[in-house]
Amino acid sequence: DALRMKVVPEVLSGKKRICLAITEPTAGSDVARIRTTAQRTPDGKHFIVNGIKKWITNGTYADYFSTAVLTENGISMLLIERSEGVETTQIKTSYSACAGTSLITFDNVKVPVENLLGKEGGGFQVIMFNFNHERWYINSSVIRAARLVIEESFKWANQRKVFGKPLIAQAVIRNKLATMISQLESVHNWHENITYQMCNMTYKEQAKHLAGPIALCKFATTRMATLVSDNACQILGGRALTKTGLGRVIEGFQRTFKYGSILGGSEEIMADLGIRMAIKGMPPSAKL
């Protein structure tokens, strides 16, 4: 409670910044493979943290690092303050530098045991609870961005003249727009349904009933984004490859939409998780 009372007001007021540090050079979706260690000091009052985290959003600017570490009892979550031994290096990506994507090095960082988030050895559960909300957020962002791209494509198809007619007079263009819109509206409706359930379930209920549907919804959403990006580029042509002018929205989307396909769990992991959760909840009596 003391840690919460200190950190939450600072972060929500904007005085301090925080990031989630889980991914490592050799551990992405397979969280269990993390190598960053946290060993207790002989007096039992601190952890000494050593390891590397990579591709951490906001890490460049963060004051606090919610970090997955290996302790004596398994994976744990520690809140590490920027201090001696913490070094961050910005990583250039296809997105904006404002994301603060970084490489983080922990070199004999001394962290009070009071900074444990949850129980020692219970970090995996903390990570999984957070993933549901992170994936929900990613879905929201991708759906909104895709809707804007479709709107821009529709406007352009109406105003662009080709062979003496509006571009939208071409059946192939109408088909592209129809496919984009139908896929977007499908995943948006699913996302709204999941959102309603999240607002009416406890964290424990969400972990049991929604982990699979959220994962599958994210898989469907990022697949939709891939199609929307491809079709929008074909509709706008060269303008979709130009950072300025009428195609700038489409250019930005086609350059960055793959973030949603990787962050928070890759498409392949999401698809597999969704089916595994369905199998887990399948009653033994369910037979043909």
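These figures come from a predicted structure and were not determined experimentally.

**Student:** I'm lost on the overall build of the protein chain in this one. Help?
**Tutor:** Along the backbone of the protein chain there are eight helices and ten strands. Overall, the protein chain is about 80 × 55 × 35 Å in size when its C-alpha atoms are taken along their principal axes. Of all 288 residues assigned to the protein chain, the portion counted as buried reaches 38%. For the protein chain, restricting intrachain contacts to residue pairs at least 6 apart in sequence, the fraction spanning at least 24 positions comes to 71%. On the protein chain, roughly 16,000 Å² of surface is accessible, and the fraction owed to carbon and sulfur atoms is 57%. For the protein chain, the centre of its 36 positive side-chain charges and the centre of its 24 negative side-chain charges are spaced 8 Å apart.

**Student:** What should I look at first to understand the pairing of strand E5 (residues 74–81) in this one?
**Tutor:** Within a regular strand, side chains alternate between the sheet's two faces. The buried fraction of E5 is high, at six of eight residues. One ladder, built from eight bridges, connects strand E4 (residues 64–71) with E5; its direction is antiparallel. Bridged to Ala68 within E5 is Met77. Here E4 folds back onto E5 in antiparallel fashion, the turn holding two residues. Pairing of E5 with strand E8 (residues 116–117), which is carried by two bridges, proceeds in the antiparallel orientation. Following the sheet pairing, Leu78 is matched in E8 by Leu116.

**Student:** How should the pattern of salt bridges be read in this particular structure?
**Tutor:** For side chains of opposite charge, pairing can occur when their charged atoms come near one another. For the structure on display, the rule yields eleven salt bridges. Residue Glu81 pairs with Lys6 through a salt bridge whose shortest N-O separation is 2.8 Å. Placement of the pair is Glu81 in strand E5 and Lys6 in helix H1 (residues 2–12), with a sequence separation of 75 residues. Taking relative accessible area as the criterion, Glu81 reaches 33% and is therefore assigned partly exposed. A residue is classified by how much of its surface remains accessible, and Lys6, at 37% relative accessible area, is partly exposed.

**Student:** Even after reading the chapter, I still don't get the nonpolar core, so can you show me in this structure?
**Tutor:** Ranked by size, the top nonpolar core spans 27 residues in total, and within it Val228 and Ile235 carry the most contacts. Mapped onto this core, the elements with two or more residues apiece are helix H2 (123–159), helix H3 (171–198), helix H5 (211–236) and helix H6 (248–256). Of all the elements, H2 adds the most residues to this core, at eight residues. Discounting chain neighbours no more than four positions away, the residues touching Ile235 are Ser153, Trp156, Ala157, Leu167, Ile173, Lys176, Leu177 and Met180. Counting residues in hydrophobic clusters, the runner-up holds 18 residues, among them Cys19, Val69, Val86 and Leu116.

**Student:** Sorry, what's going on with the packing of H2 against H5 here?
**Tutor:** For any two helices packed against each other, one specifies the inter-axial angle together with the distance between the axes. Between H2 and H5, whose axes approach to 9 Å, the crossing angle comes to 25 degrees. Taken as axis vectors, H2 and H5 run roughly parallel relative to one another. For the crossing formed where H2 meets H5, the hand is left-handed. Tallied by class, residues from the contact of H2 with H5 come to 18 nonpolar, four polar and two charged.

**Student:** Would you mind going over the confidence of the model for the protein chain with me for this structure?
**Tutor:** Low pLDDT means the predicted atomic positions in that stretch should not be read closely. Per-residue confidence for the protein chain gives a mean pLDDT of 95; residues scoring 70 or more make up 100%. Highest mean pLDDT in the protein chain belongs to H3 (98); lowest belongs to helix H4 (residues 203–209) (88).

**Student:** I tried to follow the side chain of Ser76 on my own but got confused; where do I start?
**Tutor:** Along the chain, Ser76 turns up in strand E5. Residues in contact with Ser76, not counting those within four places in the same chain, are Thr67, Ala68, Val69, Thr71, Leu116, Lys119, Glu120, Gly121 and Gly123.

**Student:** Help me understand the packing of aromatic side chains in this model?
**Tutor:** Remark: the centre distance and the inter-plane angle together describe each pair of aromatic rings, the angle taken between the planes. Here the structure, examined in full by the defined rule, presents three aromatic pairs. Here Phe65 and Phe106 contribute two aromatic rings whose centre-to-centre distance is 6.1 Å and whose plane-to-plane angle is 85 degrees, an arrangement assigned as edge-to-face. In this pair, Phe65 is assigned in strand E4 and Phe106 in strand E7 (residues 102–112), connecting sequence segments 41 residues apart. Phe106 carries the same exposure label as Phe65, and that label is buried. A cation over an aromatic ring shows up here: Arg135 above the ring of Phe131, its NZ or CZ 4.5 Å from the ring centre.

**Student:** Can you help me understand the packing of H5 against H6 in this one?
**Tutor:** At their nearest, the axes of H5 and H6 sit 10 Å apart, and the two run at 140 degrees to each other. As far as their axial angle goes, H6 and H5 are oblique. Relative to H6, the crossing made by H5 is left-handed. Of H6, the residues touching H5 (which contributes Ala225, Val228, Ser229, Ala232, Cys233 and Leu236) are Ile250, Phe253 and Gln254. Classifying every residue of the contact of H5 with H6 gives seven nonpolar, two polar and no charged.

Reading the values: rules and limits
- Residues numbered from 1 in each chain as written.
- Predicted model: local features only at pLDDT ≥ 70, side-chain atom pairs only at ≥ 80, totals over all residues.
- Heavy atoms only, no water.
- Helix = DSSP H or I, 4+ residues; strand = E, 2+ residues; numbered from the N terminus.
- Buried < 20%, exposed > 50% of the residue type's maximum accessible area, 1.4 Å probe, protein only.
- Contact = heavy atoms within 4.5 Å.
- Areas by Shrake-Rupley, 256 points an atom, 1.4 Å probe, with all protein chains shown as cover.
- Lys, Arg positive; Asp, Glu negative; His and termini not counted.
- Charge placed at Lys NZ, Arg CZ, Asp CG, Glu CD.
- Pairing = 2+ DSSP bridges.
- Salt bridge = Lys/Arg side-chain N within 4 Å of Asp/Glu carboxyl O.
- Core = buried A, V, L, I, M, F, W, Y, C linked by side-chain atoms within 4.5 Å.
- Axes fitted to C-alpha atoms, helices over the stretch in contact; angles between N-to-C directions.
- Parallel < 35°, antiparallel > 145°, perpendicular 65-115°, else oblique.
- Left-handed = near helix turned anticlockwise from the far one by under 90°.
- Nonpolar A, V, L, I, M, F, W, Y, C, P; charged D, E, K, R; others polar.
- pLDDT = per-residue confidence, 0-100.
- Phe/Tyr/Trp six-rings, centres within 6.5 Å; stacked < 30°, edge-to-face > 60°.
- Lys NZ or Arg CZ within 6 Å of the ring centre and 35° of its normal.

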